Amino acid sequence: MIDTDVLRGLFLFERLDEDKLRWLAEHGTEEEYEAGEPIIKQGDPADCFAVLIDGEVVMITETPAGPVTMTPTSQPGVYGGAVLAYLGDRAPATYAHSLRATKPTRMFMLPARKYGMIMAEWFPMAVHLLDGARLGGMAQRELIDRRQRLTALGTITAGLTHELNNPAAAAVRAVDDLRVKVRSSRRRLAALAEEGIEPERLRELVDLQEACADSASKAPPRSPLETSDAEDELSDALEEAGVSDAWEIAPALVAAGFEVGKLDAVREAIGDRHLDAAMHWLSEATEISQMLNEVTDATERISSLIASAKQYSQMDRAPYQTVDVRELLDSTLTMFRGKIPPGITVATDYDPGLPPIPAYAGELNQVWTNLIHNALDAMAGSGVLTVRTRLEHDTIALIEICDTGPGVPEALRERIFEPFFTTKSVGEGTGLGLDISFRIVAGRHGGDLRVESKPGDTRFQVRLPVTEASSPA
C-alpha cells in the first residue's frame, strides 16, 4: 500500500485529511514504468485515474492529421486518464489521450469508478460546478465559434463583392460604349461605300486597323505629358489633312499607337477623297478593339476572383489533401483585398522550395483569415502586412503572418491563445480567433502556433509537418 505521506506531497491531495488519504492509499496502487513505456493508451477503456508521483510523462493525442505531443512534465501531482469519471454514466468510455513515461516514473493509479465515487461524495458541490462549467463552456464556445466563422465569412464576402463589382461594372460600361461605337462604325462603312470607295482600298483600311490593334498592345508606355503632346501633334496633322473634328479622334488613335508618320500611309492607301471618313472609322474601330480588350480583362478578372473564392472555400475538394500553402495564402489574400486599407502594403515572400503538405485546406484558410484579420486590426490602417513561407530542417513548413503594428506586450503573450481572452474593446472581439487557430494547427495538423513580437515587428508563426506524421511508439 502506498504511503499516505507520498500522497500528501502531491498538490491534488495536500488538503485532504488523514482518513481520506488512507482511503486513497487502500484503494489505489503505485505503479512503476520505464522510459518509453506507455502508461495509458488512447482508445483503451477509461478505467484509471493516473497521478504522477515522480519521474516524467508526456501526453499524446492522436488526430486525423497525426499525433499531437504536449511538452513533457515532471511536476508531481499532474494527472491524466479518466479525469471525467465523476460524470458517471456520461463519462467517456475510453481514454481521450495517451500517457507515456519519458524517464523512469512512478504513478498513483486509482480505479475510475472509485475516483468518480469519491468526487461525488467528498466534493458534491465541486462536481456540479465542474459539470456546469464544462457544459456552459462547450455551449458558449460552440456558439461563439459559429459566430466567429460567420463574422469571418461576412468580412470575406464583403471584400469579394467589392472586388467583383469593379470588373463587372467595367465590363458593363465597356459593353454600353461598344453598342454605340459599333452602330456608328457600321454607318461609317456605309458612308464610305456610298462615296464609292474601291474594295481594294477598303481592304487596305481594314488591314491598317488590324495593324493598329496589334501595335497598341506592344506600344511602350507613355507619361501623361508625352501622351498629351502626341495627341496635339496628331490633331494638328489631321486638321492640315482636312479631317474634321480631329481633336475628338486623335486620343483614340494615339492610344492605339497611331503616329503622325502613319497618316501618310493612310492617305496613300485611301486617297484624300475618302480620308475624312476613313480616319473617323479607323478611330472608332480602334476604340472598339480597346473596349473588347477591356471586357476581356474584366471577365478574366472575375474568373480569377471566382477561382480564388473556390480555392479559399475548398469547394468540390476532399477535406484532407495535399495542398500548396502558397495557393491557400494567395486565395485568402484575394478574399481580403477589398478590406485592406489603402495605407497598408501587402508583401509576400514565398520559398519556392516549399513542397505541398498534407492538410485540411479549408481549416487552414480559416487560420490565415484569423491571423491576417488580427494583423490588419493591429496596424490600424497603416503599415506593412508580410506573408512569408520557409522550409525548416526539410521537414517543417513555416508560415509567418507579420505586421508592423505596436506589438503584443510580453505580459500578454502567454495568454493570447487562451479561449475568450482578447485585447480588443468590448464587442470588438470574441477572444476565440487565436484559440480556434491553435486548435486547428496543433489539434488537427500536429503543428505549432506561436508569436514573436516587438514594436514594429509582430510575427505569428505556424509550423506544419510537410509529411503525414507517424504514430508514436
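Keep in mind the model is a prediction, meaning the values are calculated, not measured.

The rules behind these values
- Residue positions are given per chain, counting from 1 as you read along its sequence in written order.
- Totals for whole chains, interfaces and linings use all residues, but because this is a predicted model, local features are given only for residues with pLDDT of at least 70 and pairs of side-chain atoms are given and counted only at 80 or more.
- The side-chain values count all of the structure's non-hydrogen atoms but skip hydrogen atoms and water molecules.
- Paired strands, as defined in this entry, are two strands with at least two bridges between them according to DSSP.
- Only runs of H or I of at least four residues qualify as helices and only runs of E of at least two qualify as strands under DSSP, and these elements are numbered from the N terminus.
- Between N-to-C directions, angles cover 0 to 180 degrees, with each direction set by a line fitted to C-alpha atoms, over the stretch in contact for helices.
- Pairs of residues are marked as contacts when any of their non-hydrogen atoms sit within 4.5 Å.
- By definition here, a salt bridge exists when the distance from a side-chain nitrogen of Lys or Arg to a carboxyl oxygen of Asp or Glu is within 4 Å.
- Note on exposure labels: buried denotes an accessible area under 20% of the residue type's maximum, exposed denotes more than 50%, and partly exposed covers the range between, all computed with a 1.4 Å probe on protein chains only.

A. View of the sheet that holds strand β14 (residues 448-454). Read from one edge to the other, the open sheet built from 5 strands follows the order β10-β12-β13-β15-β14, with strand pairing classed as mixed. With one partner strand each, in any of the chains shown, β10 (344-349) and β14 form the two edges of the open sheet. Pairs of neighbouring strands in the sheet enclose a mean axial angle of 15°, with direction left out of account. Examined bridge by bridge, β14 and strand β15 (residues 457-465) share 7 bridges and lie antiparallel to one another. Opposite Leu449, over in β15, you have Val462 as the bridge partner. Along the sheet, helix α11 (residues 361-379) makes contact with β10, β12 (383-392), β13 (396-403), β14 and β15, crossing β13 at roughly 25°.

B. Region of interest: the pattern of salt bridges. All told, the structure shown has 16 salt bridges when counted by the stated rule. Glu392 is paired through a salt bridge with Arg463; the nearest N and O atoms lie 2.9 Å apart. With Glu392 in strand β12 and Arg463 in strand β15, the pair connects residues that are 71 residues apart, well separated along the chain. Assessed through its relative accessible area of 17%, Arg463 is described here as buried. A salt bridge links Arg459 to Asp457; the nearest nitrogen and oxygen atoms lie 3.2 Å apart.

C. Region of interest: the sheet that holds strand β3 (residues 48-54). On the basis of which strands lie adjacent, the open sheet formed by 4 strands has the order β1-β8-β3-β6 and antiparallel pairing. Either end of the sheet is taken by a strand with one partner, and the two such strands are β1 (29-33) and β6 (79-81). Sheet twist, expressed as the average angle between the axes of neighbouring strands with direction ignored, equals 35°. Pairing analysis gives 6 bridges linking β3 to strand β8 (residues 105-111), with the strands arranged antiparallel. By the bridge assignment for β8, Phe49 is matched with Leu110. Along the sheet face, helix α3 (residues 112-122) touches β3 and β8 and points at about 70° away from the line of β8.

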